[in-house]
Amino acid sequence: MPKDIYMLMRMCFKVVVTVSMRVINSEPLVDDWLCPEIVDRESERKKIDKYIFSYLLDGKQPLGSYYVTGNSGSGKTFVFKRMFENNRTRIKQLLPRFECIYVNAVEIRTPSSASIIQEINKSLEHYLPLQIDGETINRIKNWKNAYVQMNILKNLIRQRELNLVIIIDEVEKIVQYEKDDGFIYALTNIRSEFIGKNYGIFTIFISNDKSLFKKLPLKTTSRIPFDDNFSNYRSGDLFEVLKIFSKYSLDEPNDEILINIANSIASTSSSVRDAKRLLYNFIELGDMEKALNALDRDTLWDDIRKLNTQQRVVLFAIIQGIRSVREQQKRLIPTRYKERILTSKRAYSIYCELAENGELIKKTSWRTFQRMLQSLRDMDIIRYEKVSIGRGKGWAGMIEPECNVDDIEFLLRKKT
Ligand SMILES: Nc1ncnc2c1ncn2[C@@H]1O[C@H](COP(=O)(O)OP(=O)(O)OP(=O)(O)O)[C@@H](O)[C@H]1O
Ligand SMILES: [Mg+2]
């Protein structure tokens, strides 16, 4: 968070710090709680109503697929979950075989196409048994083949005449994991098998990566006629959300504090999640500086939770490398023998040692390693930039942590 904003926030909060407010229920503030009310998001909801609910509430299968992007904390997951929750009973009366299945790629250990479809099939296990090519399928097993899982899904829809809505959240994690966007195509493709039927599948892809959609091939995007971007919340919206949340979690909400928190977050991340947590931290710690530090740790934890095993090992290698540089700086040896910075080459060699000595991962190529460094940089966990390492010595990739290394290590070792 920029220092001047941080100073400003401290000044604002000095005035109001004495106001008493107590948390009577922490869940709405600290978790991604499914608030009973949706605040604002009118234009987003209108589109969702038009392209999805106007069909389902007319007893019809919606057409095409939907693709949604937006910054973290802009309400993407919440709005879809809440809207389906609100309409489920009415839809079920019209379409008894309606199912809405939510899968978040971050929550799947290995987010491959096969495991994502397996997760979907598992949610539909109560529609088994199925007959496929003369064989009876009684249970969904851990078949690692995406084709096998996909075939079961298609047969479930066809034989049970299901009206499926699948929400694939954080879809970019699947594309990153597989280094391929075939999964998105495959899901949009199976719906074309049910065109003209009163059953079928409608997929909603949610992603934080705004550039992913533009990178998809035409054969895929032509099957996704609807896409939307959830805009960033402004301070008035954040205030409204905080006000609603206070109703469920605080004894005596104080508007002045809520406005200050909303203004501060609107000028930084615009995330509702951050606004809720900052409010919680501030009440609990009674001090803005401490509350902001705690928020930094919370957001770092969000990012670390989402890392895959390869990225985690890379981060462990960086921590080792940084500690070794710091150790050398302290030692009484001539300066020219001391490592001054952690270079990407050095981090790669530590990473290779960790990969070869451990059982968690197979070591990847230098190019893939660099891509993983870039992904950690994009999440603001590290800084990674090209620097000159002295006259005639050329350039090196310098790595520095953006946060405290002890915090990073603690969170890496913490169980999700
Ligand atoms: N319009 C809103 N009305 C009420 N609560 C909201 C609204 N938007 C967000 N929230 C709250 O903020 C939390 C975070 O929002 P959400 O999980 O939808 O963000 P997101 O855009 O999916 O972020 P990410 O990309 O990090 O997953 C929700 O669980 C909900 O508690
Ligand atoms: Mg989300």
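*Asks:* Sorry if this is basic, but what is going on with the nonpolar core here?
*Replies:* Soluble globular proteins tend to bury their nonpolar side chains together. Counting residues in each nonpolar core, the largest one holds 39 residues, and the members touching the most others are I120, L153, I168 and F183. With residues up to four places along the chain from it excluded, the contact list for I120 reads I101, V103, L153, I166 and I168. Formed by 32 residues, the second largest nonpolar core is a distinct cluster that contains Y348, C352, L373 and I382.

*Asks:* Is there a simple way to think about the site of ligand 1 in this case?
*Replies:* Residues in close proximity to ligand 1 total 23 residues, the closest being V39, S72, K76, T77 and Y233. Between ligand 1 and the protein, one listed contact pairs a nitrogen atom with a backbone N or O atom of V39 at 2.7 Å. Here an oxygen atom of ligand 1 and a backbone polar atom of G73 are 2.8 Å apart. Coverage of ligand 1 by the protein amounts to 98% of the 620 Å² it exposes when considered alone. If you map ligand 1 onto the pockets, it falls in the second largest pocket. Elements with a contribution of two residues or more to the shell around ligand 1: α4 (76–94), α11 (235–249) and α13 (272–285).

*Asks:* Mind showing me how you'd approach the environment of N138 here?
*Replies:* On the secondary structure map, N138 appears in the loop between β4 (135–137) and α6 (146–160). For the pair N138 and L128, spaced 10 residues apart in sequence, the C-alpha separation works out to 5.8 Å. Contacts of N138, omitting those with residues within four sequence positions, involve L128 and P129.

*Asks:* Which parts of the structure should I look at to understand the sheet that holds strand β8 (residues 342–343)?
*Replies:* Paired through their backbone hydrogen bonds, the strands of a sheet run either parallel or antiparallel. With respect to topology, three strands assemble into an open sheet ordered β8-β10-β9, the strand pairing being antiparallel. The open sheet is flanked by β8 and β9 (382–388), the only strands paired with a single partner. Here β8 runs beside strand β10 (residues 395–401); their pairing, made up of two bridges, is antiparallel. Bridge pairing in β10 links T343 to M398.

*Asks:* When you look at the domain arrangement of the chain in this model, what are you seeing that I'm missing?
*Replies:* Interfaces are often described in size by the accessible area the parts lose on coming together. Domain assignment breaks the chain into domain 1 (3–28 + 237–305), domain 2 (41–230) and domain 3 (309–413). With centres defined by C-alpha atoms, the gap from domain 1 to domain 3 works out at 34 Å. Every contact between the two is made by six residues of domain 1 and, on the other side, 10 residues of domain 3. Summing the contributions of domain 1 and of domain 3, the shared interface buries around 760 Å²; its carbon and sulfur component is 68%. When the buried surface of domain 1 facing domain 3 is broken down by residue, R297, L300 and I304 rank first, second and third, together holding 70% of it. Linking domain 1 to domain 3 there are one salt bridge. Where domain 1 touches domain 3, the interface holds two residue pairs in polar contact (both at pLDDT 80 or more). A per-class count over the side of domain 1 that touches domain 3 returns three nonpolar, no polar and three charged.

*Asks:* Where do I start with the sheet that holds strand β1 (residues 66–70) in this structure?
*Replies:* Taking strand neighbours across the sheet as the criterion, the five strands line up as β2-β5-β6-β1-β7 in an open arrangement whose pairing is parallel. Edge positions in the sheet fall to β2 (98–104) and β7 (226–230), since each of these pairs with one other strand and no more. Neighbouring strand axes in the sheet, compared pairwise and without regard to direction, differ in orientation by 15 degrees on average. Relative to β7, β1 runs parallel, the two sharing five bridges. From the neighbouring strand, Y67 faces β7, where its bridge partner is D227. The strands touched by α4 within the sheet are β1, β2, β5 (163–169), β6 (200–207) and β7, with β2 carrying the most contacts at an inclination of about 160 degrees.

*Asks:* I would appreciate a short explanation of the packing of helix α15 (residues 309–330) against helix α16 (residues 344–357) in the present structure.
*Replies:* Where α15 meets α16, the closest approach of the two axes is 8 Å, and the angle between their N-to-C directions is 120 degrees. Here α15 lies oblique to α16, going by the angle between them. Judged by the sense of rotation from one axis to the other, the crossing of α15 with α16 is right-handed. Residues Q310, V313, V314, F316, A317, Q320 and G321 of α15 form the contact with α16, whose participating residues are A347, I350, Y351 and L354.

Conventions used here
Residues numbered from 1 in each chain as written. Chains lettered and ligands numbered in written order. Predicted model: local features only at pLDDT ≥ 70, side-chain atom pairs only at ≥ 80, totals over all residues. Heavy atoms only, no water. Core = buried A, V, L, I, M, F, W, Y, C linked by side-chain atoms within 4.5 Å. Buried < 20%, exposed > 50% of the residue type's maximum accessible area, 1.4 Å probe, protein only. Contact = heavy atoms within 4.5 Å. Near = heavy atom within 4 Å. Polar contact = N/O pair within 3.5 Å; in protein donor to acceptor, adjacent residues only side chain to side chain. Areas by Shrake-Rupley, 256 points an atom, 1.4 Å probe, with all protein chains shown as cover. 1 Å grid on protein atoms, 1.4 Å probe; cavity = no way out; pocket = protein on both sides within 12 Å on 5 of 7 lines; lining within 4 Å. Sits in = over half its atoms within 2 Å of the grid points. Helix = DSSP H or I, 4+ residues; strand = E, 2+ residues; numbered from the N terminus. Pairing = 2+ DSSP bridges. Domains from an automatic or database assignment. Buried area = accessible area lost by both parts, 1.4 Å probe. Salt bridge = Lys/Arg side-chain N within 4 Å of Asp/Glu carboxyl O. Nonpolar A, V, L, I, M, F, W, Y, C, P; charged D, E, K, R; others polar. Axes fitted to C-alpha atoms, helices over the stretch in contact; angles between N-to-C directions. Parallel < 35°, antiparallel > 145°, perpendicular 65-115°, else oblique. Left-handed = near helix turned anticlockwise from the far one by under 90°.

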